[in-house]
Each structure stands twice: as C-alpha cells, then as structure tokens.
Amino acid sequence: MLRIADLLTGVTGRMPPDTEWARKPLGPVVIDSREARPGACFVALRGEHRDGHEFLAEVVSRGVSAIIAQRGQVTRLSDCWLVDAHHLPSPLAPSDPTRPLCLLVEDSLEALQRWAAYWRRQHQVRVVGVTGSIGKTTTKEMIGSVLSRQFRTLKSEGNYNNEIGLPLTLLRLTPQHERVVVEMGMYALGEITRLAQIAQPVIGVVTNVGPTHLERLGTLERIAQAKRELVEALPPEGIAILNGDDERVMAMASHTRARVLCYGLRTECEVWADGIISQGLGGVHFRLHHRGEVLHVETPLLGRHSVHTALAAAAVGLVEGESWEDIVAGLEQIPVQLRLVALPGPDSSTILDDTYNASPASTIAALNVLGELPGRRIAVLGDMLELGDFEEEGHRKVGREALEVVDMLVTVGRLGRITGREALAWGMGEAQVLMLEDNQAAIAHLRKLIKRDDVILVKGSRGMAMEEIVNALAKSPESRG
C-alpha cells in the first residue's frame, strides 16, 4: 500500500522521518478530480483542454490526503501543507498531520513518472511490456488472462498505455502482485524507451508494425524504430516475443540482448498455429504447436487475425513456466469480449462495435470478421486519421477490401469518401455505396436501411466518435423489443 513516505521518497529522493503521518496510507492515485475521494492522491496535470490545477480546491474538499502540483500554479491553497520538492523543510513533518500535503514540483508529469519508477523498483515482480501498431490492448488482456491462471497479475486498465497511464498502473502495485502486464503506446521516438525505463520489463511482446501514427513519424521504418525501443530495453536475461509473420518485427531480433521467441503461422516459429476455423460470433478454433506438442484451442475472440493474439499470450505463458492446462484455459476463458463487440441491433440485426480506433490493417481485419458471418453485410467506416502520406492509399486499400466482403458500404467523413470512391471504381454498384458527412446522417440512413438479420460493422478512428452510431442503434426501440 502506498504511503505518504513513498510519495516523498519517490518524488524527492528524501525519506521523511518514520512517523505516524509518514506511514499514513494513500488511496488511489488519480488525475481526474471527479475520482478524488478521501485518502487519495491527486496529480494536477495540464492537458490540451483542461488544467488539473483548476480543481485543487475541489479535490481538497473531497478529502484527498496528498496533491502533486506544479510550483507557480499554486499560490494559496487553504487547509493544505504546501511543500516545495526542491526546498524541503526540516523536520519533514507537518505541524497539523490532518492537513493534506501539497507537494510542489517543477513538472507534475515527470514527478508522477519518477514516483512510479521508484515504486516499481520496490517490488520483485516480472513485467511484461506489449507494443505494436494494432492489437496491443487485446494482446495485453489475453496475456493477463493467461498469467492470472497461476500468478497474481496486475494489468493496465483499458488503453492506459502512455506516459500517464503506465505510471498510474504501476502505482497500483502491491506486495501481493507477482506479474504485471503493461501496454506501451507511442507518438514519437523515445517514448517507449522512457516507458521501459519506468516499468523495467523483462518480457517484451511486439505484435506488428503498421502505418498507425504515420502522420507523426513519417515512415514505416521510423514506426518500427519506435516499437523496437521495447526490445532494445530488455535485459540480457529477458525475452523478446516477436510476431514471426511480420518482417519488420522480426528484424528487431538483432537489436536486443534478450532471448528471442517468435510466434506466427509459419512452422519456423517456435509457437505456431494451423487448422484455423472461424466460428463466426462463436470465436475461432485452431491447433497450437510447440516443440512437437499439439493442442486444440478455442478462443472467443472474433476473426482469424485473433489467432496471432492468442499465440502471443501462449508464448508468454510458456516462458513464464505455466502448464498447458492453464495456458489453454486462459485463452479460452477470457472475462469479456475485447474491442470488437457483437451487440443486438434493430430488427434482430447484429452490430459489430469496433469503434475504439482504426487503421488500414485493423479495418481490414474487422472486414474479414464481417466476411465470415452470415446475413447481409453492411460496413460503416469512418475516417482513419494520422496516416500521413499513407492517408489516400490506406483509404483506397480499405475500399478495395470492402468490395470483396460487404453488400453495402457506408462511409462517414471526408476521408471516408476516398474509400467509397475506390469501391465504386473497382466495380461496386452505386446503390451499394453511401458516402455521408457525419455520424448523425449515418444514424438516420441506417435506421431506414437495416433489415432483419443484417450484420453491421461500425469502425473509425477515435476522433470520429463513431460510438455515437452504435449507441443510437443499440438504444433504438427495435433493439429493446
């Protein structure tokens, strides 16, 4: 359990005297004032739209025990003990131990990261880091499912995969945890290196390299370089688990001191699969091979591409010494469907909700899932953002793939029109393509279009907020009947 002493030691490097106040436990570490509660520690971060320092009085009223804030942003804060991290008082103890501590630092985010790195070092756990252009969250969840069969496992929540989310995950560590699984995302070179410095992973899993964030990094080679930072950070006794079907990922094998284990659909991989059978909304069945052993696995994840996710999780279980029984159980008994979720829609239709984000590769994978299902297939595809120079070709590629799969294509947004026009150019009928400007137009048209037993895939980049479409359809009177 975190205590005031851990906060001060982690951020300032100076341990306070062993007093009842220093031993005072801290509740959850939060960055959202709405999550502040008695005993919590609130970290005031400056974001693009809101500044956490605006809510300091509010979190004090909610009973927090500590605050991390940037000096210069706090002049007065009633009922708090203001302490500058660069000029610690002596003795390091408040005159009134009931008052919350407000620790003033140069940079709140850097202080949060320093604290998390310190706290991780206090625990003898093995950390698994997961990165890749697509599939990070699902892979992290599957690995967590496998490891939790034998080990007390902490994993990052949702998509807590950045310079804020990863430290918050590590600050949830307790002495009871034996394994930690963290997702590592990035927007620029050097970011995964920093995350690895904080988390100190001994196992690194790289799922793939694709054009996600190409607008920021410029080339696929630079994206691969950024993802490679994870395996470069592994210690000599560590293990790099690489997708053997992705050439750019396998090229990382020569950039790590760790042992390399590859997974994929090729027999050359140490962990590989064949006999893949998609069972529609029932998941996927396949044969898993490792050193002459063959196991039959059924996973509830949707689509043939999910086999790679399962193989990565199985590989982690193997290197951690788990039994085949536990590994297979972890693959087959994941607690919830991940990312692509099947929901009941109007008039006994089915909605495939994959609205979290989109890239050409993940959209094509979702289209492949749609193509494996019976019924009239409708794809509702929004703009794929941050593709840089691959923007037009990426949308064209999806349009050509949609032609082979869908009975009707609905695009949303300016870039979606590229997808629609490409499908038309390759022979899709004009009556099969509907190009719309926004979500509201899509909702209105879909309510008229959807028929009994249709299957509707909804997917787009996070900035398109296409969950609005899913929510509107799922809440329609027909879907409740």
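Preceding block: the structure.
First, a word on what this report is: a plain description of the structure on this page. In this convention, every chain numbers its residues from 1, walking through the sequence in written order. Whole-chain, interface and lining totals are the exception, using all residues; otherwise, since this is a predicted model, local features are given only for residues with pLDDT of at least 70 and side-chain atom pairs are given and counted only at 80 or more. Water and hydrogen atoms were dropped before computing side-chain values, which therefore reflect all heavy atoms in the structure.

1. A few points about empty space enclosed by the protein
Where we set the bar: For each structure, a 1 Å grid was placed over the protein atoms alone; sets of points admitting a 1.4 Å probe that cannot get out are labelled cavities, open sets with protein on both sides within 12 Å along at least five of seven lines are labelled pockets, and lining residues have an atom within 4 Å of a point. Grid points are joined across faces, edges and corners, and a volume is the space filled by probe spheres set on the points. We count a stretch as a helix when DSSP gives it H or I for four or more residues in a row; a strand needs E for two or more, and each element gets its number in order from the N terminus.
Overall, the coordinates contain 1 cavity of 30 Å³ or more when judged by the stated rule. Along the walls of the largest cavity sit A358, T363, L381, G382, M384, H395, V398, G416, T419 and K459, which together make up its complete lining. For the lining of the largest cavity, the secondary structure elements donating two or more residues are strand 17 (377-382), helix 13 (391-405) and helix 14 (416-425).

2. Here's the deal with the pattern of salt bridges
Heads up, the condition is: Each reported salt bridge corresponds to a side-chain nitrogen of Lys or Arg within 4 Å of a carboxyl oxygen of Asp or Glu. Throughout this description, buried means an accessible area under 20% of the type-specific maximum (1.4 Å probe, protein chains only), exposed means over 50%, and partly exposed covers the range between.
Counted according to the given criterion, the structure contains 29 salt bridges. The salt bridge involving E141 is made with K140; its shortest N-O contact spans 2.9 Å. The pair E141 / K140 is uniform in exposure class, with both members buried. A salt bridge links D347 to R452; the shortest N-O distance between them is 3.6 Å. Residue D347 is found in the loop between strand 15 (341-344) and strand 16 (350-354), and its partner R452 is found in the loop between helix 15 (439-449) and strand 20 (455-459); the two are separated by 105 residues along the sequence. By relative accessible area, R452 is classed as exposed at 53%. Members of the salt-bridge network, linked through shared partners, are E392, E393, R396, R400 and E422.

3. Some details on the packing of helix 6 (residues 191-199) against helix 8 (residues 220-232)
Test applied: Lines fitted to C-alpha atoms define the axes here, with helix axes fitted over just the stretch in contact, and angles between the N-to-C directions of these axes take values from 0 to 180 degrees. Roughly parallel refers to an angle under 35 degrees, roughly antiparallel to one over 145, roughly perpendicular to one between 65 and 115, and oblique to any angle outside these ranges. Working rule for handedness: look at the near helix, and if it is turned counterclockwise from the far one by less than a right angle, call the crossing left-handed; if clockwise, right-handed. Any two residues having at least one pair of non-hydrogen atoms within 4.5 Å are treated as being in contact. The residue classification treats Ala, Val, Leu, Ile, Met, Phe, Trp, Tyr, Cys and Pro as nonpolar and Asp, Glu, Lys and Arg as charged. All others, Gly included, are polar.
Interhelical geometry of helix 6 versus helix 8 gives an angle of 20° and a closest axis separation of 8 Å. Looking at the two axes, helix 6 sits roughly parallel to helix 8. Crossing angle aside, the handedness with which helix 6 passes helix 8 is right-handed. Note on element contacts: helix 8 touches helix 6 through A226, K227, E229 and L230, opposite E191, I192 and T193. Of the residues assigned to the contact of helix 6 with helix 8, the class counts are 3 nonpolar, 1 polar and 3 charged.

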